Amino acid sequence: MEMFTSIGLNHFLTISAILFSLGMFAVMTRKNAIVILMGVELILNAANINFLTFSKYNGGMIGVMFSLFVIVLAAAEAAVALAIVINIFKTFKTVDVSSVDTMKE
Amino acid sequence: MNQLTLSIIFYVFAAVTVLSAAFVVFSKNVIYSAFALLFTFFGVAALYVFLSSDFIAVTQVVVYVGGILVLLLFGVMFTNTIMQTDLKTDVLHVVPGTILLLLMIAGMLYTFYTTGDWMPGDVQLQGSVVQRVGFETMSRYMLPFEMASIVLLVALLGAAFLARYDNAHKNEH
Amino acid sequence: MSEYFSNIKIGATTIATGMAITFRHFLNAVKRKGDAGIDDADYFKQVDGLCTLQYPREVVPTPTIGRYRLYNDIEDCIGCCQCERACPVECITIETIKTTADDLAACGKTSGGQQKRFWVPVFDIDVAKCMTCGICVSVCPTDCLVHSPVADFSEFDVKNMMYHYGNLSKIEAEAKKRKLDEEKAAKEKAAAEAIARGEAPAAKPKPAPGPMPEGGQAGE
Amino acid sequence: MQELGKAELNSTRIIRQDDNRVVIEKDLDTEYMVLSMGPQHPSTHGVLRLECITDGEVVVEAEPYLGYLHRCFEKYCEKVDYPGIVPYTDRMDYLAGMNTEMAYCMAVEKMLDIEIPRRVEFIRVIVSELNRIASHLVAIGTYGIDLGAFTPFLFCFRDREHILNLLEWISGARMLYNYIWIGGLSYDVPADFKKRLSEFVTYFKPKTVELQKLLTENEIFVKRTKGIGIMPADVAINYGWSGPMLRGSGVDWDLRRNDPYSVYPELDFKVALPDPKFCDIGDCLARHVVRAIEMEESLKIIEQCLDMMPGVDGFNSRVAIPKKVRPKAGEVYSRAENPRGEVGFYIVSDGKSTKPLRCKARSSCFVNLSAMKDLSRGQLIPDLVAIIGSIDIVLGEVDR
Amino acid sequence: MDNGMEEAGNIMPAAVLESKAAYDIIRGRFGDAVSEFDANPTMPFFEVADASKWVDIALFMRDDARLKFNYMACLSGVDYMEQEQLGIVCNLESIGHYPHRIAVKVKCRREGGSIPSVACVWHTANWHEREAYDMYGMTFEGHPDLRRILCPEDWTGFPLRKDYQVQETYHGIKVPY
Amino acid sequence: MDQTLTGFGTVFVFLLLGIFFVVAGFITARLLRPSRPNPEKNSTYECGEPAVGSAWVKFNIRFYVIALIFIIFDVEVVFLFPWATVFKPLGVFALVEVLIFAFILILGLAYAWVKGDLDWVRPTPNIPKMPELPNRDSGRVNG
Amino acid sequence: MGLLDANISNRNVLVTSVDNVMNWARLSSLWPMGFGLACCAIEMMATNASNYDLERFGIFPRSSPRQSDLMIVAGTVTMKMAEKVVTLYEQMPEPRYVLSMGSCSNCGGPYWNHGYHVLKGVDRVIPVDVYVPGCPPRPEALIGGLMKIQELVRMEGLGISRQDALKKLAEKSVDAQQVIDQVRRATA
Amino acid sequence: MSQSISLNTWSDALSGFNLGWFPLGLVIVAAVPLVFIALYALTYGVYGERKISAFMQDRLGPMEVGPWGLLQTLADILKLLQKEDIVPTAADKFLFVIGPLIMFVGSFLAFVVLPFGPAFIGADLNVGLFYAVGIVALEVVGILASGWGSNNKWALYGAVRSVAQIVSYEIPASIALLCGAMMAGTLSMQQFCVAQSGPYGFMHYYLFSNPIAWLPFLIYFIASLAETNRAPFDIPEAESELVAGFFTEYSGMKFAMFFLAEYGSMFMVSGIISIVFLGGWASPLPNIGSFALNTMTSGPAWGAFWIIMKGFFFIFVQMWLRWTLPRLRVDQLMYLCWKVLTPFAFVAFVLTAVWEIYK
Ligand code: SF4
Ligand code: SF4
Ligand code: SF4
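Model, not experiment: these values are computed from the prediction. Residue positions within a chain follow its written sequence, with the count starting from 1. In the order they appear in the text, chains get letters beginning with A and ligands get numbers beginning with 1. In keeping with the model being predicted, local features are shown solely for residues with a pLDDT of at least 70 and side-chain atom pairs are shown and tallied solely at 80 or more, while totals for entire chains, interfaces and linings include all residues. As a convention, hydrogens and water are excluded, and side-chain values are obtained from all of the structure's heavy atoms.

**What to know about the overall build of chain D**
Moving on, step 1. Where helices and strands are cited, they refer to DSSP runs of H or I of at least four residues and of E of at least two residues respectively, numbered from the N terminus. Helix and strand content of chain D: 15 helices and 12 strands.
Moving on, step 2. Using C-alpha atoms as the atom set, the radius of gyration is obtained and then compared with a globule rule of 2.2 Å times the number of residues to the power 0.38. Rg of the C-alpha trace for chain D: 22 Å, near the compact-globule value of 21 Å for 400 residues, within the 12% margin.
Moving on, step 3. Expressed as lengths along the three principal axes of its C-alpha atoms, the size of chain D is roughly 80 × 50 × 35 Å.
Moving on, step 4. Here the term buried applies to any residue with accessible area under 20% of the maximum for its type, exposed to any over 50%, and partly exposed to those in between, with areas from a 1.4 Å probe on protein chains only. A total of 400 residues make up chain D; the buried ones form 74% of that total.
Moving on, step 5. The contact rule is simple, with two residues in contact once any of their heavy atoms fall within 4.5 Å. Relative to all contacts within chain D whose residues are 6 or more apart in sequence, the contacts with residues 24 or more apart total 68%.
Moving on, step 6. Accessibility throughout is a Shrake-Rupley quantity obtained with a 1.4 Å probe, and a residue counts as covered only by protein chains that appear here. As displayed, chain D offers around 9900 Å² of accessible surface, 50% of which is attributable to carbon and sulfur atoms.
Moving on, step 7. In this tally, Lys and Arg are treated as positive and Asp and Glu as negative; His is ignored, and so are the chain termini. In plain terms, the charge of a residue is placed at NZ if it is Lys, CZ if Arg, CG if Asp and CD if Glu. Here chain D holds 50 positive side-chain charges and 58 negative ones, and the gap between their average locations is 5 Å.

Listed below in structure tokens is the structure:
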């Protein structure tokens, strides 16, 4: 019971692990490029949770700063990736990565 | 607020996060995925609060919900012919994927729960995170800070170019 | 570049002008335009301020020639059917019965002193159809058909908008008709007799001696 | 089956099938949306329907659909005698009843060849100019609403109310007057009318200035309308545009001057033309400005008429009204300058009946609106709204 | 229809004289394709006898430097019941060039008749012709988009024909009163 | 319990209460309101016409570009807010740092401006033209 | 199923007072659909405008039927328009009211005899609660009609259907004919 | 930080009050703004808007429902409660329902950091201002959900326009607020007010004490109009174009939620602007000699009075603008945002920074 009531490092790590795996799953199995992007965002979020968890339980600022930069990167990544996805869509009329793979102009 | 309340709230948000994330991944409707992402992001932001980084939590809402999610939604709306594709054709390698998913979770959890000694103790983050972030960016993380602006600039240039390239491309025809 | 700034400047000034105007109106909201009708001399006295007329509480009378609900003063109607013919909408229905000679007095005179020669058992105006054009009013020789200034007379049932102005009830009308028929028959008989007698039929039709008493409508 | 539009983005075909349903055949490249604007839409001024084919916010094509207010006016003309048509003409252009009545009466008078007393002519001009102001007030006010400015609309309606009161005072009705009759007027004006009218003119002049400051000169308004919906002069003529629309395109053409009728030749007024410094010739702003100027010109005309109007002594406004209107066989096309442009009546009489054999109303809005499809191509939706507003349609007249 | 106006012929008003001059030019170009000029003072007109020439005449009228009838004021359909004909009457004039005005009539058979469309000459004619089609049922050859304009697509009959009988119901709604 | 958690505890309660308010509103309304759906009532509103096609079409890329530029500046603002709270004690150095940071991003804005990404591309509207003759004998008529 | 759907046969004090409050709310906030058809619509606009200001009664037009309670059929309903009117009416959420403004929508008005394309009264396609006569009705008449609608709302309640209310009102309302007779007697 | 904590005695005392495990006190704290929004939106916001617009248009406005029409909005809401709730068949039920919920919750959550006087604030977060800027994101998603969920063309147009507009104007708005944060050196809303209160009353307000503050003030005001979809930036719900924008399909209570959310966020932005630039609950009256007006008019009750008054003033200006100006077009809106406000915001940013360092 103690394990459930007092929130500790492991709780956060667990959530982060689940998020990460879900993200990985999306990246690996979904064909829709946008869902893949969402998966990537999930992975980044999982990473951020980890950073902040360790930051909190270590007392340093490194994790916080790192997660901040991760967010920056996530934003940049989302912007560029979505632009690419939209371009792919414009060219191939689909955002289905598997078919894009085979279509190759 | 006592410990129990806190735990309950934690579990609520943890559940929201995980369930909505699962929904994002498994939903066949992309627009639902995108809206479920709202709850994931929000839940994660709440977890950040539990990790005492209020600033990052609000940043999460500002950037992820206000920015990335909107971008994703626009992306979905823009490419929405895929909305009709059903789950079967949408998902590749389900079985290996699921196995991998379970393996991954199991592996990671195993590592987390067996490696007890990476917990140096419950040292709380002290002071206002905002101000500390402000100081850190101006001192130790100055270079990354400037680099971030360049990354953003490049991202802006690149993404704007890509979006525009398309228009130029079309006009040629 | 200068255009960029002058644009901003023009935008700001015109917006400020507009806001000044609305604010002036806002301040003027303490004044209220009275309920002067157009024919009052001080109609244009109050130029600024609120102009709302709180209708059910305050009323500005419509002008005297205002054309709203049609009203027929059947006492004055001579049953000439001019209005019915003139109405472009065909929303007046008139049935007339010629008065028999002995009824002339009963039929009465209009207020203008003209002798009425027709009973008007049916004078229906469907105000639901009427477009208040006023043509019927302009052709009425006795000015008995008028537009009243009453404008507000909505109904829950459209059938209520059929206004029956006729001055005879159905039974009365029946009686009058019978009477007329009898008179006609009598006249015809008289004429036939006259022809038989070789007299000129153009003789003035004299009122047939009416054996029918006035109390023909006793059934009422 | 009929192909409607392909426009520049040529991979999608929009097809109207025989049952009048629009089908989009998409080629995935871009997706058009069929957007039905109206018949119940705040900016179509009644029951016009525009079927817009849009690409995002851009209107690829907007096809107007009329007839939602087709009230069989021309049928009525064949069923109702000449004087009985007058109230129906009111209902045609219900914002400018007086003007339409006048156009119709002039047509019949031309057939009958009757002389109209001068006083009647002056009163007719006064009331129709008043009605022109009222109509332009509605046009300007609703144009304000179209562009999001609500207050000017209410100011316009407040002032219009005074005009309605004046007209009700003389004619007995607020909007649909049946005041101008073939050969005369239903009533002479009341005794105080001249005084009240000049008071109105004094009252109204500052209000036009206020309106101008509040709406016409507002930078947002100008930015919204300038350069939008440009119609070149020659095409405008070819489209049969008339009235403020044509003048907005820079054509100096006003029937009151170019085909003078009534007492207009004696009056001194300016044909309103847009100022190229303030607006682009032929755009929405030009048309709006023309209307604003016209209101002021109408005020001038009214003032002059008040001075020139012959006296009352023993005057009977119904003196020239024929007992029975039965024109000689023949046909006539007669028109007048209405607030919205040329309203003409083409009347055929067979000489025997008291009803016309054929009476066609040439409606200005109908003709002006026909350019809508052309004007709307490649506009944004807000601009489309601005264009419809600047055409200032009255559906009663479009559909008749 | 034109009796009674003939006597006035020699004292034509100025406006009619102008129309006459314009007519003469057209007559000179097209000869017998156009009928005699009717010089009535209320609406001088001529008729196009050879309807197939109508578009050419229209173009000529619009573009000829002496005519420049660039403005079509009105196009009305008419039902000539007695002559078993339908027709259109176009009122033309020239804005900004000449003060002349003239009306042109074109007729066709009553049943299944057809008139060439001049929508390619004057934009105005487009909707007016649609309206005439809607009301009278003559077709306009070469019209870009000849559909009903005022009445619903699935309306039966052509309302302004003299022998029009109104339909009883429309989409289940009773039509007559 | 640290300060942050208490503060955000309030936020959480606000969240709950907000949701509660909405849900309570819906429930009350549900108790009161009539519910008589029919196919026509539930049809999509489109000014009285039956709607043609779904509204779910691909949308204009313009909006996407706007969101894209927004996200970049949004992230910038994220950095500037913590800085704003501490820059006074740090003095000129911090100011210069941030000006460089901002300048680089303003470069991005300038780039987007110059390249026209900030303009809402308006298609060139059609200016009406004179009618075109169908191919028939157009040349012949006016010879 | 909400309260307003409920069929309550015994009305006690509570029900009545709930009724009163609910009816008060509905009658004080009648949002008409901004929907003009013809000439009458201009008078409707004039009634909305400053001089008569319908907003005094809390009546202000909404352009979407979803948010409106009242449909003012202002003007001529043509055959082409009739189905659209029905659609729009149907798309309004209940409880909804219809006011027919002007002769045309009452019964075809001036176009009733030869108007082949005119619907002879909007009550042929949708149920009408109040008829406002006039062509066009004066703003006063429209306001009067709206007051009648408010009267009708006041009569409604749990277990009292619209038909009942209308019937009751029709009984209560002074017959126009009686008024005429009164006038006649007075003038005679 | 300590000062602000001591300021919020009341709300802190309340939030410490637990019943069992549940923090009942917090509920009360949270309920106050809720009641406030409801009251404000019901009686003053909408009613005020109608009356003000009426007076500007020479009308009377609501008159018949209650004395001077005071009960008008109450009647409206009560009526909306009774209206049938239509969910179109074509709509996406889930998004259709969740839209107004997110929208309202988002607008309501922003009130957490709004101090209603020195002693009352939901939570004095030390990222308060940033939080207030960020929470708008929720509304954005709510709008998209309802616009997309309606499956109505007008709604979709409205939603997409609205979102583009809100996100665009967030940039100049947040940079302008950043200027305020630079002046105060904090992000806590309470600290803003504390920093701007003092014996000289309004002279302590940044708007009057800092010559540069005018620029961010104006920029934020304009941007806040756009963020709340107020005229002249009301293109998302532009009546004459898009019928009713993203809530075209909403009826009954769901519509009422939008209604409340809209007026709630209107008050929110007015509150933010008065806190950041006009001292929030700080009294504007100066101490003149021994006549200690400022001291007299400070305190919890007065604080609440001042901030609400300031908020109302800005709401009045918003309404005033709305009833004066036509509306902009999408491209002009974007022009104004990206090419006028954003550059000027950066200019203001630099100027403020320089001023703050060298003053
Ligand atoms: S006013 Fe006109 S419509 Fe009415 S009854 Fe008289 S003539 Fe007929
Ligand atoms: S015209 Fe006058 S007198 Fe003749 S029937 Fe009609 S109302 Fe009676
Ligand atoms: S009732 Fe009269 S005013 Fe109203 S629409 Fe019909 S004709 Fe026009």
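**Some details on the sheet that holds strand β10 (residues 341–349) of chain D**
Hydrogen bonds between backbone groups are what pair the strands of a sheet, and the pairing can be parallel or antiparallel.
Residues and elements named next belong to chain D.
Moving on, step 1. Pairing is antiparallel in the open sheet, where three strands are placed in the order β9-β10-β11. If you trace the sheet from one side to the other, it starts and ends with β9 (330–338) and β11 (358–362), each paired once. Sheet twist, expressed as the mean angle between neighbouring strand axes with direction ignored, is 10°.
Moving on, step 2. In this description, strands pair whenever DSSP reports at least two bridges between them. Of the pairings in the sheet, the one linking β9 to β10 comprises nine bridges and is antiparallel in character. When the sheet's bridge partners are listed, Y333 is paired in β10 with Y346.
Moving on, step 3. All axes are obtained by fitting lines to C-alpha atoms, using only the stretch in contact for helices, and the reported angles, taken between N-to-C directions, cover 0 to 180 degrees. Sheet strands in contact with helix α2 (residues 82–92) are β10 and β11, and its direction is about 155° off that of β10.
Moving on, step 4. Sitting on the sheet, helix α3 (residues 97–112) touches β9 and β10, and the angle it makes with β9 is about 150°.

**Focus: the pairing of β11 of chain D**
Residues and elements named next belong to chain D.
Moving on, step 1. Along β11, five of the five residues are buried, which leaves the element largely enclosed by surrounding structure.
Moving on, step 2. Of the two faces of β11, the one holding R358, K360 and R362 and the one holding C359 and A361 are both buried throughout.
Moving on, step 3. Where β10 and β11 come together, five bridges link them in antiparallel fashion. The residue bridging Y346 from the neighbouring strand is K360, located in β11.

**A look at the nonpolar core**
Moving on, step 1. F123 of chain C, Y94 and F345 of chain D, W54 of chain E, W83 of chain F, M71 of chain G together with L109 of chain H are the most contacted members of the largest nonpolar core, which totals 542 residues.
Moving on, step 2. The element that contributes the greatest number of residues to this core is helix α8 (residues 153–184) of chain H, accounting for 21 residues.
Moving on, step 3. Formed by 32 residues, the second largest nonpolar core is a distinct cluster that contains Y55 of chain C together with M44, F57 and L152 of chain G. As used in this record, nonpolar core signifies buried Ala, Val, Leu, Ile, Met, Phe, Trp, Tyr and Cys residues forming a set joined through side-chain atoms within 4.5 Å.

**Considering the site of ligand 2**
Moving on, step 1. Only heavy atoms are used to decide nearness, and a residue is near a molecule or strand if one of them lies within 4 Å of it. In the region of ligand 2, 15 residues are neighbours, and C77, C80, C81, C83 and C140 of chain C sit closest.
Moving on, step 2. A class-by-class count of the residues in the shell around ligand 2 yields 11 nonpolar, four polar and no charged. Amino acids are sorted into nonpolar (Ala, Val, Leu, Ile, Met, Phe, Trp, Tyr, Cys and Pro), charged (Asp, Glu, Lys and Arg) and polar (every other residue, Gly among them).

**A short note on the domain arrangement of chain D**
Moving on, step 1. Throughout the structure description, domain borders are defined by an automatic or database domain assignment. You can read the domains of chain D as domain 1 (2–65) and domain 2 (73–362).
Moving on, step 2. Between domain 1 of chain D and domain 2 of chain D, the C-alpha centre-to-centre distance is 35 Å.

**Focus: the interface of chain F and chain G**
Moving on, step 1. Residue-level contacts link 17 residues of chain F with 18 residues of chain G.
Moving on, step 2. For any pair of parts, buried area is found by adding up, for both, the accessible area (1.4 Å probe) each one loses once the two are put together. Between chain F and chain G, roughly 1600 Å² of surface is buried when both sides are summed, and carbon and sulfur atoms account for 47% of that area.
Moving on, step 3. Contact with chain G buries surface across chain F, with L32, K41 and Y45 of chain F losing the most and accounting together for 37% of the total.
Moving on, step 4. The term salt bridge refers to a pairing of a side-chain nitrogen on Lys or Arg with a carboxyl oxygen on Asp or Glu at a separation within 4 Å. Counting every contact that joins chain F to chain G gives zero salt bridges.
Moving on, step 5. Between N or O atoms, a polar contact is any pair within 3.5 Å; within protein, one atom must be a potential hydrogen donor and the other a potential acceptor, and residues adjacent in sequence are included only when both atoms are from side chains. Between chain F and chain G we count zero residue pairs in polar contact (both at pLDDT 80 or more) in total.
Moving on, step 6. Of the residues contributing to the side of chain F that touches chain G, the split by class is five nonpolar, six polar and six charged.

**Focus on a negative patch on the surface**
Moving on, step 1. Every patch collects residues that have over 30% relative accessible area and no salt bridge, joining them within 9 Å if they carry like charges and within 5 Å if they are nonpolar side chains (Val, Leu, Ile, Met, Phe, Trp, Tyr). Together, D35, D39 and D40 of chain C together with D192 of chain D line one region of the surface with negative charge.
Moving on, step 2. Position of D35 of chain C relative to the elements: it lies in the loop between α1 (2–27) and β1 (70–72).
Moving on, step 3. Since its relative accessible area comes to 43%, D35 of chain C is described here as partly exposed.

**So, unusual backbone geometry**
Moving on, step 1. A cis amide bond links C135 of chain G with the next residue in sequence, P136 of chain G, at an omega value of -10°.
Moving on, step 2. Positionally, P136 of chain G belongs in the loop between β3 (130–132) and α5 (139–155).
Moving on, step 3. The residue C81 of chain C is not glycine, and still its phi comes out positive at about 65°.
Moving on, step 4. Look at C81 of chain C and you get buried, because its relative accessible area is 13%.
Moving on, step 5. Even without being a glycine, D53 of chain G presents a positive backbone phi close to 50°.
Moving on, step 6. Under the relative-accessibility criterion, D53 of chain G is labelled buried at 0%.

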